[in-house]
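The primary structure of each chain is shown beneath.
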Amino acid sequence: MTGLEEHLHGLWLPLVTPFRDGALDERSLRRLTRHYGGQAIDGFILGATSGEGMTLRAAELERLVAIVSDEMAAGRRTLPICLGLSGADTSRLKERLDETADWPIDGYLIASPYYVRPSQRGLLAHFEALADHAAWPIALYNIPYRTSVNITNQTLLRLAEHRNIVGLKDCGANREQSIALLRDRPKGFRVLTGEDANYLEALTDGADGGIVLSAHVETATFASVHAEMKRGNHDAAQAHWQEVAELTRLLFTEPSPAPAKYWLWRCGLIDSPEVRLPMVEVSSELAAALDREIERRMKVAA
C-alpha cells in the first residue's frame, strides 16, 4: 500500500467488475489485473461506477479487493488501489469505513450523497465527518448529473483543507468551475477528470490526470496523452488523442460499463460481457458497431 496523496495523478483505471452466471468472475478478474498491471496506468479504482459497485454485496467487494491485491503482489508491480464508496446515509458510510479499514487499499473515492440533495453545509458536514473517521485518505467524487447535487468550489476548497481529503474526481461537467478550482486549489490537492471525452481538455487546463473508463482500450495511447502533456509536447498529445477520441464516444453510446465489457469480452480479456440489472448488455446495433471498430483497430495494429 502507498500514500494516496503521493500517487493521485496520471492515468487511473476504474476497473470493470467481471461477472459470469450472476457471480463475480474471479478468473477473469485475475486476468484483467495481470493485464492492466503491466500497462502504463498509475492506479486502480475498484467498485465505483464503472465497477458496478452499487450492485456488489459486501463480501463480493471484499473479495474483489483481495484478488486485485493478491495478483499485484504476485507480479512485479504494485499499484495504488482506491475503493469506491457511495451512499446517502453518513452514518452507514462511516460503518463501511470501519468495515474496510483493514483491507489492502490506499484510499477511498467517495461520491456525493445521491437523491437527498443536501445543501452545501450538509455536503461539508458529510464529507468532514467521513474524513475525520476514515483510516485511509479520501478523494471526493463530484458528479452532479448522477447525484443531483453539485459540490461548489467554495465547498471543495473548504474540504481541501482537511488533512485526510487529498483530491477530487471531477465530473462536474462545468469547465469554468473546473478551471477556477484548478487555479485556487491548495498545493497538493489533486484534481483528476472523470469525463473521458474531456480528458485532453482537462489536462490542457491543468488537471493532474484522469480516471478514464475508455483506457480499458488502447491503454498505452491514453497514457501517452498524459505523458506528452506533462513534457509540454501539446502537438504530440493532440496526435495521440486523435487516435482514441472516438472511443470515448463509442464506449458511452449506451450506459457504461456495458460497451466496455462487450469490447473486453470480444478481445478475450473477460469471459462474459454480463452486467447486473438494472444495467443490460449492449444492443445488437451497438454490438455491431463495436465489432467493426475492434476489427478496424486490429487491422491497423497488424
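Each residue is numbered by its place in its chain's sequence as written, counting from 1. In view of the model being predicted, local features appear only for residues whose pLDDT reaches at least 70, and side-chain atom pairs are presented and counted only at 80 or more, with totals across whole chains, interfaces and linings using the full set of residues. Side-chain measures here rest on the full set of heavy atoms in the structure, leaving out hydrogens and waters.

What follows is about the pattern of salt bridges. Salt-bridge detection follows one rule: a side-chain nitrogen of Lys or Arg within 4 Å of a carboxyl oxygen of Asp or Glu. Overall, the coordinates contain 23 salt bridges when judged by the stated rule. With a shortest N-O distance of 2.9 Å, D184 and R183 are connected by a salt bridge. Per-residue accessibility, obtained with a 1.4 Å probe over protein chains only, is compared with the maximum for each type, and a residue is labelled buried under 20%, exposed over 50%, and partly exposed between these values. We classify D184 as partly exposed; its relative accessible area is 39%. What makes R183 exposed here is its relative accessible area of 61%. R297 is the partner of E293 in a salt bridge, and the nearest nitrogen-oxygen pair spans 2.7 Å.

Glancing now at the layout of surface pockets. Of the pockets and cavities examined, the largest pocket occupies roughly 810 Å³. Whether a set of points on the 1 Å grid over the protein atoms alone is a cavity depends on a 1.4 Å probe fitting there but being unable to get out, while an open set qualifies as a pocket with protein on both sides within 12 Å along at least five of seven lines; lining residues are those with an atom within 4 Å of a point. Around the largest pocket sit 32 residues that line it, and E52, G53, M54, T55 and S86 are the ones nearest its centre. When residues of the lining of the largest pocket are traced back to their parent elements, those giving at least two are α3 (58-74), β5 (81-85), α4 (90-99), β6 (107-111) and α6 (144-147). As a working rule, the residues Ala, Val, Leu, Ile, Met, Phe, Trp, Tyr, Cys and Pro are called nonpolar, Asp, Glu, Lys and Arg charged, and the rest polar, with Gly in that last group. For the lining of the largest pocket, the class distribution of residues is 16 nonpolar, 9 polar and 7 charged. Grid points are joined across faces, edges and corners, and a volume is the space filled by probe spheres set on the points. Numbering of helices and strands starts at the N terminus; helices are DSSP runs of H or I of at least 4 residues and strands are runs of E of at least 2.

Scanning the entire structure with this criterion turns up 1 cavity of 30 Å³ or more. In this structure, the largest cavity encloses a volume near 30 Å³. N153, L156, L168, D170, G172, A173, N174, Q177, S178 and L181 together form the lining of the largest cavity. Those elements that place two or more of their residues in the lining of the largest cavity are α7 (153-159), β8 (165-170) and α8 (175-184). For the lining of the largest cavity, a count of residues per class yields 4 nonpolar, 5 polar and 1 charged.

Quick look at the environment of L15 now. Relative to the helices and strands, L15 resides in the loop between β1 (10-14) and β2 (19-20). Judged by relative accessible area, L15 falls into the buried class, the value being 1%. The spatial distance from the C-alpha of L15 to the C-alpha of Q154 is 31 Å, given a sequence separation of 139 residues.

Right, let's get into the side chain of S50. Checked against the element boundaries, S50 lands in the loop between β4 (43-46) and α3. Its relative accessible area of 9% is what places S50 among the buried residues. When sequence neighbours within four positions are dropped, the list of residues in contact with S50 reads P14, L15, V16, T17, L213 and P257. Whether two residues are in contact is decided by their heavy atoms: any pair within 4.5 Å suffices.

Strands belonging to one sheet form pairs held by backbone hydrogen bonds; the direction of such a pair is parallel or antiparallel. Spatially, β1-β4-β5-β6-β7-β8-β9-β10 is the arrangement adopted by the 8 strands of the closed barrel, whose pairing is parallel. Each strand of the sheet is rotated relative to its neighbour by a mean of 25°, with strand direction disregarded. Two strands are said to pair when DSSP picks up at least two bridges between them. Only C-alpha atoms enter the line fits that serve as axes; for helices the fit covers just the stretch in contact. Angles between N-to-C directions range over 0 to 180 degrees.

The next thing to look at is a nonpolar patch on the surface. On the surface, M54, Y114, Y115 and V116 cluster together to form a nonpolar patch covering roughly 490 Å² of accessible area. Residue placement: M54 occurs in the loop between β4 and α3. Residues qualify for a patch when their relative accessible area is over 30% and they have no salt bridge, like charges being joined within 9 Å and the nonpolar side chains of Val, Leu, Ile, Met, Phe, Trp and Tyr within 5 Å. Each accessible area is a Shrake-Rupley result for a 1.4 Å probe, and residues are judged covered by the shown protein chains and nothing else.

Looking at where A215 falls in the secondary structure, it is placed in the loop between β10 (209-211) and α10 (219-231). Taking the relative accessible area as the measure of exposure, A215 reaches 0% and is therefore buried. Distance in space between the C-alpha atoms of A215 and L156 is 27 Å, their sequence separation being 59 residues. With near-sequence residues (within four places) excluded, A215 lies in contact with L11, L13, Y36 and F222.

Okay, the pairing of β1 next. Buried residues dominate β1, accounting for 5 of its 5 residues. Across 3 bridges, β1 lies against β10 in parallel orientation. Bridge assignment links L11 to a residue of β10, and that residue is G210. Two strands pair when backbone bridges link them, and β1 and β4 are joined in this way by 3 bridges, in the parallel orientation. For W12, the partnering residue across the bridge sits in β4 and is G43.

α3 packs onto helix α2 (residues 26-37) with a crossing angle of 45° between their chain directions and a minimal axis gap of 9 Å. Judged on the interaxial angle alone, α3 and α2 are oblique. Relative to α3, the crossing made by α2 is right-handed. Every residue of α3 that contacts α2 at E26, L29, R30, T33 and R34 is listed here: R63, L64, I67, V68, D70, E71 and M72. The cut-offs work like this: below 35 degrees is roughly parallel, past 145 is roughly antiparallel, 65 to 115 is roughly perpendicular, and the gaps in between are oblique. A clockwise turn of the near helix away from the far one marks a right-handed crossing, whereas an anticlockwise turn of less than a right angle marks a left-handed crossing.

Definition used in this section: a nonpolar core is a set of buried Ala, Val, Leu, Ile, Met, Phe, Trp, Tyr and Cys residues joined via side-chain atoms within 4.5 Å. If you look at the biggest cluster of nonpolar residues, it comprises 80 residues, and the most contacted ones within it are L15, Y36, F44 and Y108. Sorting elements by how many residues they give to this core places α3 first, with 6 residues. Beyond its immediate chain neighbours, meaning those up to four positions away, L15 contacts L29, L32, T33, Y36, F44, I45, L46, S50, G51, V68 and H216. Among the nonpolar cores identified, the runner-up in size contains 15 residues, and L8, W12, C82 and I211 belong to it.

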